[in-house]
Amino acid sequence: MRLCINIDHIATLRQARRESEPDPVIAAGICELAGADGIVCHLREDRRHIVDRDVKILKETVKTKLDFEMAATDEMVKIACDLKPYMVTLVPEKREELTTEGGLNLTAAEFKLTPAIEKLKEDGIKVSLFIEPSPENVDLALEYGADMIEIHTGKYARLQNSVELITELEKIRQTASIAKGLGIGVNAGHGLNYRNITAIANIYDIDEVSIGHSIIARAAFTGLDSAVREMLTIIRRIRQ
Ligand code: PXP
């Protein structure tokens, strides 16, 4: 299972002082040297963390693969098509949210998603759709022509009650299995940390996880190299 690191929070720290450090470009290099399989960054409409300069340099410097997370707006589609990252993950975006709060509403967003996906794919960019775990969402993602889905694990990560947690995990497992059976790539992310990653890594239909907050938070105490390696060690105990 591949580990992709979301480096937005390195940029959050930089933007807290509007300084040039810490630089997410350097963070991406450290993550890759520690063994990460890819780098994720989210260019938000309000540029609250990652800014245009970052994505331009990351496109040139990332040696693994760059996953450009974005909302399906005309502005972002244009930036992605100019940039040509390996892949784009389309997410819903609200200005007032602290972080992406849930998966795309695939039934309500058709008017925005269809032209965005067509344009991105025309330009040779792979498209992943961030979705809540459900079989219906997999069918819709396939209809949209997505190459991959990213299953939102935020609810699983928040649940304390073991019955609800097992139910949510089962939903994730079922969604991953259906998507895999249909030939779509299966990613997962949001709220994953050093404790709850084990159950996710045990779902063999999940190809890739995208993790930001827990790794960057640990990096503040242990250093980024060690924080990435610790996560990889946990994953590699279960999966290659
Ligand atoms: N996947 C998506 C689509 C996200 O929006 C985020 C948060 O930016 C992540 C994964 C990573 O979530 P976390 O920071 O909670 O690990």
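Notes on the structure in this doc start here. None of the values given here were measured: they were computed from a predicted structure.

Rules used in this analysis
Residues numbered from 1 in each chain as written. Predicted model: local features only at pLDDT ≥ 70, side-chain atom pairs only at ≥ 80, totals over all residues. Heavy atoms only, no water. Near = heavy atom within 4 Å. Polar contact = N/O pair within 3.5 Å; in protein donor to acceptor, adjacent residues only side chain to side chain. Areas by Shrake-Rupley, 256 points an atom, 1.4 Å probe, with all protein chains shown as cover. Phe/Tyr/Trp six-rings, centres within 6.5 Å; stacked < 30°, edge-to-face > 60°. Lys NZ or Arg CZ within 6 Å of the ring centre and 35° of its normal. Core = buried A, V, L, I, M, F, W, Y, C linked by side-chain atoms within 4.5 Å. Buried < 20%, exposed > 50% of the residue type's maximum accessible area, 1.4 Å probe, protein only. Helix = DSSP H or I, 4+ residues; strand = E, 2+ residues; numbered from the N terminus. Contact = heavy atoms within 4.5 Å. Arc of directions from axis to C-beta. Pairing = 2+ DSSP bridges. Right-handed = clockwise from strand over helix to strand, strands pointing away. Axes fitted to C-alpha atoms, helices over the stretch in contact; angles between N-to-C directions.

**Comments concerning the site of the ligand**
Taken together, 15 residues form the shell around the ligand, and within it E69, E150, G191, G212 and H213 come nearest. In this structure, E69 approaches the ligand through a side-chain N or O atom, which is 2.5 Å from an oxygen atom. Contact with the protein chains removes 93% of the 400 Å² of surface that the ligand exposes when unbound.

**Comments concerning the packing of aromatic side chains**
Under the defined criterion, the tally for this structure stands at zero aromatic pairs. Over the face of the ring belonging to Y194 we find R218, whose NZ or CZ atom lies 3.6 Å from the ring centre. If you follow R239 out to its NZ or CZ, it ends over the ring of Y204, 4.7 Å from the centre.

**As for the nonpolar core**
In terms of nonpolar packing, the biggest core is built from 76 residues, with L90, L129 and V209 touching the most fellow members. When residues of this core are assigned to their parent elements, the largest contribution, seven residues, is made by helix α11 (residues 224-238). Among residues more than four places away in sequence, those in contact with L90 are M70, A71, A72, L104, L113, I117, L120, V127, S128, L129 and F130.

**Some words on helix α3 (residues 52-61)**
Listed as buried for α3 are D54, V55 and L58. End-on, the buried residues of α3 take up no more than an arc of 90 degrees, which puts them together on one face. Opposite the packed face of α3, turned more than 90 degrees from it, sit the exposed residues K56 and E60. On its buried face, α3 is in contact with α1 (8-17), α2 (24-33), β2 (38-42), β3 (66-70) and α4 (74-83).

**A look at the pairing of strand β5 (residues 126-131)**
Counting buried residues along β5, five of its six residues qualify, which places the element largely inside the surrounding structure. Note: strand β4 (residues 87-90) against β5, four bridges, orientation parallel. Note that in β5 the partner of T89 across the bridge is S128. The parallel pair β5 and strand β6 (residues 148-152), bridged by helix α6 (residues 135-144), forms a crossover whose chirality is right-handed.

**Observations concerning the sheet that holds β5**
Judged by pairing direction, the barrel is parallel, and its eight strands sit side by side in the order β1-β2-β3-β4-β5-β6-β7-β8 before closing back on the first. For this sheet, the mean angle separating the axes of adjacent strands, direction not counted, is 25 degrees. Here strand β1 (residues 2-6) pairs with β2 via three bridges, running parallel. Each residue of the ladder has a partner; that of C4, found in β2, is G38.

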